[in-house]
Amino acid sequence: WTTVLAGIATAQPTWLNVAAALEPGASGERASELDTALKAALATDPAATLRVLEVARQRLSPAAVCAGDARTTGLLKPAVETVADPALEAKKTASLEAMG
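Residues numbered from 1 in each chain as written. Predicted model: local features only at pLDDT ≥ 70, side-chain atom pairs only at ≥ 80, totals over all residues. Heavy atoms only, no water.

*Asks:* Please set out helix H3 (residues 28-44) residue by residue, giving values where relevant.
*Replies:* A rise of 1.5 Å per residue sets the reference length of H3, with its 17 residues, at 24 Å; its end C-alpha atoms lie 25 Å apart and thus fit the reference within 8%. Among the residues making up H3, those that are buried are Ala31, Leu34, Ala37, Leu38, Lys39, Ala41 and Leu42. (Helix = DSSP H or I, 4+ residues; strand = E, 2+ residues; numbered from the N terminus. Expected span 1.5 Å × (residues − 1). Buried < 20%, exposed > 50% of the residue type's maximum accessible area, 1.4 Å probe, protein only.)

What follows is the structure, encoded as structure tokens:
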């Protein structure tokens, strides 16, 4: 599990796809750990991470991944603001709104 979480945190597309596959069954502590790995992925490669986020997903929605305390959102916001891909604009906007 720690290897999977570390892989997800790298924001490599293959690992982000693993996160998407695991998300529906994650609960409790595993869900919390997955959330942390996704936040790390967002900080590492915000564009790649935004590509796998979907509004309708529980833990893979922009609102879920980008929500957090002021310290967390303060670290993530500058990374998300760098995303320039027009195809990701709606997800970028939703993410920034979730950060407040």
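The discussion continues.
*Asks:* Describe the side chain of Lys39, listing the residues and the values that go with them.
*Replies:* The residue Lys39 is located in helix H3 in this model. For Lys39, which is buried and forms no salt bridge, the nearest opposite charge comes from Asp35, at a distance of 5.9 Å. A distance of 2.9 Å separates the side chain of Lys39 from the backbone oxygen of Ala67, its partner in a polar contact. When sequence neighbours within four positions are dropped, the list of residues in contact with Lys39 reads Ala64, Val65, Cys66, Ala67, Thr72 and Leu76. (Lys, Arg positive; Asp, Glu negative; His and termini not counted. Salt bridge = Lys/Arg side-chain N within 4 Å of Asp/Glu carboxyl O. Polar contact = N/O pair within 3.5 Å; in protein donor to acceptor, adjacent residues only side chain to side chain. Contact = heavy atoms within 4.5 Å.)

*Asks:* Which residues make up the nonpolar core, and what values do they have?
*Replies:* Counting residues in hydrophobic clusters, the biggest one holds 26 residues, and the most contacted among them are Ile8, Leu16, Leu38 and Leu42. Going through the elements one at a time, helix H1 (2-9), helix H2 (13-22), H3, helix H4 (46-52), helix H5 (62-66) and helix H6 (70-81) are the ones with two or more residues in this core. The element contributing the most residues to this core is H3, with six residues. Among all residues touching Leu42, those that are not within four sequence positions of it are Thr49, Leu50, Val65, Cys66, Leu76, Ala79, Val80 and Met99. (Core = buried A, V, L, I, M, F, W, Y, C linked by side-chain atoms within 4.5 Å.)

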